[in-house]
Amino acid sequence: MILTLFSTEPKSSLDELFDREFEVDRFRRGLNERLVLVLGIRRVGKSSLVLSVLNSLGIDYVFIDVRKLYDNVSRKVPAERIYEELKASLGNLSIWSKIKDAINEIDIALGPARVRVSASRVRDGIARVLKAINNVGKHVILVLDEAQYLRYSTIGLRPLLAYTYDHLRNITMVLTGSEVGLLHDFLGLDDPSSELYGRYYYAIELKPFDREKSIEFLRRGFRELGINVEDKVLERAADELGGIVGWLVYFGRLYPEKGEDAIEEVKELGANLVRAELEELFSRSQYYRYVMEAVAVLGRARWSDVLRYVMARTGAKPTNATLSRDLNNLVKMGFLTKDGEQYGIPDPIIRYAVLRLTK
């Protein structure tokens, strides 16, 4: 049986997308711009939107998942891995035969042991590859998925992105990001010291489905499978898993075997999946764990609520500046949202995982 809505792979065709007509239309129109940002929290369907639209238009594109290149040990994105991933993506381009010789020359110049080549030479190699693509004269889309991870690159990439923006007119850059604030900080579009300062960008934001859309998504997916599921089960799944496509898909995959118990199964599976994310997050600040706990336990929390919880859990009082910084960073990374004076966790599975870690 071929699954579409409940496929765990990113969607690659508009026929496989649910809803998102507004975002599809905006993204199509944005492809004439120099820089497009596709923003939204984790597992909300950013990659599916990008791939589905590009495939439907038959446009040449290069797709690089930057998160895949991140080294958890060194906490870096090695320059040579960016180059290798870029080169590996070129074979699918319709213009490959026209740039193949130029790419081979660049590859030979860098040599086989690129890990020992200076970062500046690797960056120059990436620039030469992009110039070769641009010089063919055909419009190509460069997609950098989860681009906020570029801030960990061992080479300074902002000058290269600025050069591409200003001079390589046949390349449109599409950057997706789940850590929206950190992506903005990395690009520095509003920072006078950044090479990209003042550049116009076109933004599309994907939000989780609301309750009604979540239920309809599940109903349509089960219709594809020929399975009738009671409304009360769909409503409970929507309430407990939220409108995040990734978790709804897991529920759809597990329900035929587990029934209503699939809801708890998704929560356990999801908590295990995000545990590594959370542990890596908590290692960045001594208070991140307790700030997340405070918001998870209270559901919605004000600054003063978080402070009291952190003090009770640690026996120490963080400075006002430290707590404000940590809250702001967690919002930038998409782990928290701020509505007025209250903080919340937008992903119910992350909240569930944090609550499990407090036990």
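A brief report on the enclosed structure follows. (Residues numbered from 1 in each chain as written. Predicted model: local features only at pLDDT ≥ 70, side-chain atom pairs only at ≥ 80, totals over all residues. Heavy atoms only, no water.)

## A few points about the overall build of the chain
We apply this condition: Strands are runs of DSSP state E lasting at least 2 residues, helices are runs of H or I lasting at least 4, and numbering of each runs from the N terminus. With the radius of gyration taken over C-alpha atoms, the globule rule is written as 2.2 Å times the number of residues to the power 0.38. In this scheme, a residue with accessible area under 20% of its type's maximum is buried, one over 50% is exposed, and one in between is partly exposed, where area comes from a 1.4 Å probe on protein chains only. The contact definition used throughout considers only heavy atoms, calling two residues in contact when any of these lie within 4.5 Å. Note that accessible areas follow from Shrake-Rupley with a 1.4 Å probe, and for residues the cover is restricted to the protein chains shown.
Helices and strands together make up the secondary structure of the chain, namely 16 helices and 8 strands. The C-alpha radius of gyration of the chain comes to 22 Å, within 12% of the 21 Å expected for a compact globule of 359 residues. Reported as C-alpha extents along the three principal axes, the dimensions of the chain are approximately 60 × 55 × 35 Å. When each of the 359 residues of the chain is scored for burial, the buried share is 50%. Considering only contacts within the chain whose residues lie at least 6 apart along the sequence, 73% involve residues at least 24 apart. Accessible surface, the chain as shown: approximately 16,600 Å² in total, 47% of it carbon and sulfur.

## Thoughts on the nonpolar core
Which entries qualify depends on this criterion: Residues belong to one nonpolar core when they are buried, are Ala, Val, Leu, Ile, Met, Phe, Trp, Tyr or Cys, and are joined through side-chain atoms within 4.5 Å.
By size, the foremost hydrophobic cluster in this structure holds 75 residues, and its most contacted members are F27, F217, F251 and M292. Among the elements that take part in this core, helix α12 (residues 262-282) stands out by supplying 8 residues, more than any other. When neighbours within four sequence positions are excluded, M292 is seen to be in contact with L281, F282, L330, F335, L336, I345, I350 and V354.

## Brief notes about the sheet that holds strand β7 (residues 337-339)
Put simply, the rule is: For two strands to be treated as a pair, DSSP must find no fewer than two bridges joining them.
The strand order across the open sheet built from 3 strands is β6-β8-β7, with neighbouring strands paired in antiparallel fashion. Two strands in the sheet have a free side with no partner beyond their single neighbour: β6 (301-302) and β7.

## A word on helix α1 (residues 21-30)
Counted only if it meets this: The directions considered for the arc are those from the helix axis to the C-beta atoms.
Taken as a whole, α1 has its buried residues at E23, V24, F27 and G30. Take α1 and look down its axis: the buried residues cluster within an arc of 130°, on one side only. Turned more than 90 degrees away from the buried face of α1, the exposed residues are E21 and F22.

## Overview of the packing of helix α13 (residues 288-298) against helix α16 (residues 348-358)
When two helices pack together, their arrangement is given by the angle between the helix axes and by the axis-to-axis distance. Selection rule: What counts as an axis is a line fitted to C-alpha atoms, over the stretch in contact for a helix, and the angles between N-to-C directions run from 0 to 180 degrees. Any angle between 65 and 115 degrees counts as roughly perpendicular, while under 35 counts as roughly parallel, over 145 as roughly antiparallel, and the rest as oblique. Left-handed is the label given to a crossing in which the near helix is rotated counterclockwise from the far helix by less than a right angle, and right-handed is the label when the rotation is clockwise. Throughout, the ten residues Ala, Val, Leu, Ile, Met, Phe, Trp, Tyr, Cys and Pro are labelled nonpolar, Asp, Glu, Lys and Arg are labelled charged, and all others, Gly among them, are labelled polar.
Contact pair α13 / α16: the axes reach a minimum separation of 9 Å and the direction vectors enclose 110°. Relative to α16, α13 is oriented roughly perpendicular. By crossing handedness, the relation of α13 to α16 is classed as left-handed. Residues R289, M292, E293, A296 and V297 of α13 lie in contact with α16, whose contacting residues are I350, R351, V354, L355, L357 and T358. A per-class count over the contact of α13 with α16 returns 7 nonpolar, 1 polar and 3 charged.

## Here's the deal with the pairing of strand β1 (residues 35-39)
Looking down a regular strand, the side chains alternate between one sheet face and the other. Counting buried residues in β1 gives 5 out of 5 residues, a clear majority hidden from the surface. Side-chain alternation along β1 places L35, L37 and L39 on one buried face and V36 and V38 on a second face that is also buried. Pairing between β1 and strand β5 (residues 202-205): 4 bridges, direction parallel. Among the inter-strand pairings, V38 is bridged to a residue of β5, identified as I204.

## Brief notes about the environment of R128
You can see R128 is positioned in helix α6 (residues 119-135). Using a relative accessible area of 32% as the deciding quantity, one classes R128 as partly exposed. With 52 residues separating them along the chain, R128 and V180 place their C-alpha atoms 29 Å apart. Apart from the residues within four sequence positions on either side, R128 is in contact with I106 and A109.

## Things to note about the environment of G181
Note that G181 resides in helix α8 (residues 180-187). Judged by relative accessible area, which is 16%, G181 ranks as buried. In this structure the C-alpha to C-alpha distance between G181 and N329, which are 148 residues apart in sequence, comes to 8.0 Å.

## Here we look at the packing of aromatic side chains
Applied cut-off: Only Phe, Tyr and Trp rings take part, Trp by its six-membered ring, and two of them pair if their centres are within 6.5 Å. Stacked means planes under 30 degrees apart, edge-to-face means over 60, and tilted covers everything else.
Taken as a whole, this structure holds 12 aromatic pairs when the rule is applied. Seen in terms of ring centroids, F209 and F217 are 5.9 Å apart; in terms of plane orientation they differ by 40°. Their pairing is tilted. Take F217: its relative accessible area is 2%, and that puts it in the buried class. Aromatic pair F222 and F251: ring centres 5.9 Å apart, planes at 90°, arrangement edge-to-face. Of this pair, F222 sits in helix α9 (residues 211-225) while F251 sits in helix α11 (residues 245-258), and the two are 29 residues apart along the sequence. A single burial state applies to F222 and to F251, both of which are buried. Joined through ring pairs, the aromatic side chains of F6, F18, F209, F217, F222, F251 and Y255 make up one cluster.

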